[in-house]
Amino acid sequence: MTASVVIVAAGAGIRAGGEVPKQYRLLAGKPVLRHTIEAFLSHPGIASIQVVIGEGHEALYEAAVEGLKLPPPVTGGATRQASVRRGLEALEQAPPRLVLIHDAARPFVAPETISHVLAYLDRHQAVIPALPVSDTLKKATANIVEGTAERAGLWAAQTPQGFHFTTIVEAHRLAGDAAGVDFTDDASIAEWAGLEVAIVPGTVRNRKLTTADDLKEAENRMAMERAFALNDVRVGHGFDVHAFGDGDHITLCGVKIPHDHGLSGHSDADVALHALTDAILGTLGEGDIGVHFPPSDPQWKGADSAVFVAKAMELLAAREGRLANVDITLVAEAPKIAPHVAAMRARLAEMLKIDPGRIAVKATTNENMGFIGRREGMVAYALATVRLPGSPESGDV
Ligand code: MG
């Protein structure tokens, strides 16, 4: 069973404060309205989406829905009721059998709620999600209580509210033409028209974002959910060694450093980036640099080793992971590394797209001992920490 949905986004949204109406305020970097639209776009029961926007909000709307496939929006009227009516009338060119009407400021509508409303429309003319009222309700004037309302049997109505299309269009027209009636939701219009309205369970999350506090709380909750979503924390280790050979510079962490020798190797011999690549691959169990870039392959001759790091980062991105930090230790008697550490961290920050505060580059000598002490070559160690989306196999027991 599929339905069209009318999303009402025509309000001025002034109670939430700020420069733009609340439906265009950002939540986790995305406009509230876009979250709402995406909730319906991803539901298999929704065949089309008609958004109703406020006059003068065209540019805000276009920016908010960039890249989404939607019919042009219609402009709302002076009241919510008038706006919904315009949205419904826009659907009349190709009338659906069922229609859902939803507030743009309820971005957290659950797919189960949409499914419930649709399923109940099989047996009912009108269906709303609602929650039983749990607070005691007071009637007051100027902060002074005049009485207590009977709470039993009271429900707080949410959206999406579902209807048979022709029935609700007709009810809206009658209500719109009747003088002195102004309804704040569509079920009220259905009731006014004598239709039976059924209730399905709503969710606490599906409450309407109205005030600046609501938006802030939603933002905090989403940040927390994102943090929990990346709770599969892993550490990877990498090691590499290259011999010194002929040359007048070496490349470490993508930075060219003048030296009386070069490092020998098939690529640019950036021992630090090779260790780092292995560390990142190590977090993913994706083998090592030689697996992805065989030294026998001539295309990597003289290659900028940033290519190898980019490949490891690509594999991390494919798993929707984030790099938390990297820690690189270079071991050489010469050249002096310290003067180049700032440039190396800056180059790594660029390469890894993380803050330099998450990148450490340290250096030590080998106290003139062994092959490093004899200046035959140098060594790099790297650690990388990544955070991946949690899964039942995340290591919890
Ligand atoms: Mg190497």
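Everything that follows concerns the structure shown earlier in this document.
**A word on the sheet that holds strand β13 (residues 232-245)**
What the 5 strands build is an open sheet, ordered β16-β13-β19-β17-β18; its pairing is mixed. Lying at the two open borders of the sheet, with one neighbouring strand each, are β16 (262-263) and β18 (359-364). Strand direction decides the pairing type here: β13 and β16, joined by 2 bridges, are antiparallel. Counted as the bridge partner of glycine 245 is glycine 262 from β16.

**Brief notes about the coordination of the magnesium ion**
Ideal donor angles around a metal are set by the shape: a four-donor tetrahedron calls for 109.5 degrees, a six-donor octahedron for 90 or 180 degrees. Binding of the magnesium ion to the protein goes through Asp240 (OD), His242 (NE2) and His274 (ND1), at separations of 2.1 to 2.3 Å. Sequence spacing of the donor residues for the magnesium ion, all on one chain, is D-x1-H-x31-H. Of this pair, histidine 242 sits in strand β13 while histidine 274 sits in helix α8 (residues 271-284), placing them 32 residues apart in sequence. Like histidine 274, histidine 242 is buried.

**Quick word on unusual backbone geometry**
The omega angle of the peptide bond from threonine 159 to proline 160 is 10°, so this bond is cis rather than trans. Looking along the chain, the bond that leaves alanine 334 and enters proline 335 is cis, with omega of 0°. Locating proline 335 in the fold gives a position in the loop between β17 (322-331) and α11 (341-352). A positive phi angle, close to 60°, is found at glutamate 320, a residue other than glycine. Along the polypeptide, glutamate 320 turns up in the loop between α10 (306-318) and β17. Glutamate 320 gets classed as exposed once you look at its relative accessible area, which sits at 59%. The phi dihedral of lysine 353 is positive, around 55°, even though this residue is not glycine. Among the structural elements, lysine 353 can be located in the loop between α11 and β18.

**Notes on the nonpolar core**
Core analysis: the biggest nonpolar cluster contains 44 residues, and Leu252, Leu276, Leu323, Leu330, Leu348 and Leu352 have the highest contact counts within it. Sorting elements by how many residues they give to this core places α8 first, with 9 residues. Not counting chain neighbours up to four residues away, the residues in contact with leucine 252 comprise Ile257, Leu263, Asp270, Val271, Ala272, Leu330, Ile337, Met344 and Met378. Formed by 28 residues, the second largest nonpolar core is a distinct cluster that contains Tyr24, Phe40, Ile53 and Ile114.

How each quantity is defined
Sequence order sets the numbering: in each chain, residues are counted from 1 along the sequence as written. Per-residue local features are limited, in this predicted model, to residues with pLDDT of at least 70; the limit for side-chain atom pairs, both in listing and counting, is 80 or more; totals at the level of whole chains, interfaces and linings are taken over all residues. Note: side-chain values were computed over all heavy atoms of the structure, leaving out hydrogens and water. Paired strands, in this sense, are two strands between which DSSP finds at least two bridges. Secondary structure elements follow DSSP: runs of H or I of four or more residues count as helices, runs of E of two or more count as strands, with numbering from the N terminus. Water is not among the atoms examined, so metal sites may look incomplete; donors are the N, O and S atoms within 2.8 Å of the metal, or within 3.2 Å for Na, K and Ca. Remark: exposure states derive from per-residue accessible area (1.4 Å probe, protein chains only) relative to the maximum for the residue type, with buried under 20%, exposed over 50%, and partly exposed in between. Nonpolar cores were defined as sets of buried Ala, Val, Leu, Ile, Met, Phe, Trp, Tyr and Cys residues, with membership established by side-chain atoms within 4.5 Å. Residues count as neighbours in contact if any of their non-hydrogen atoms are within 4.5 Å of one another.

Nothing here speaks to function; it is all geometry.
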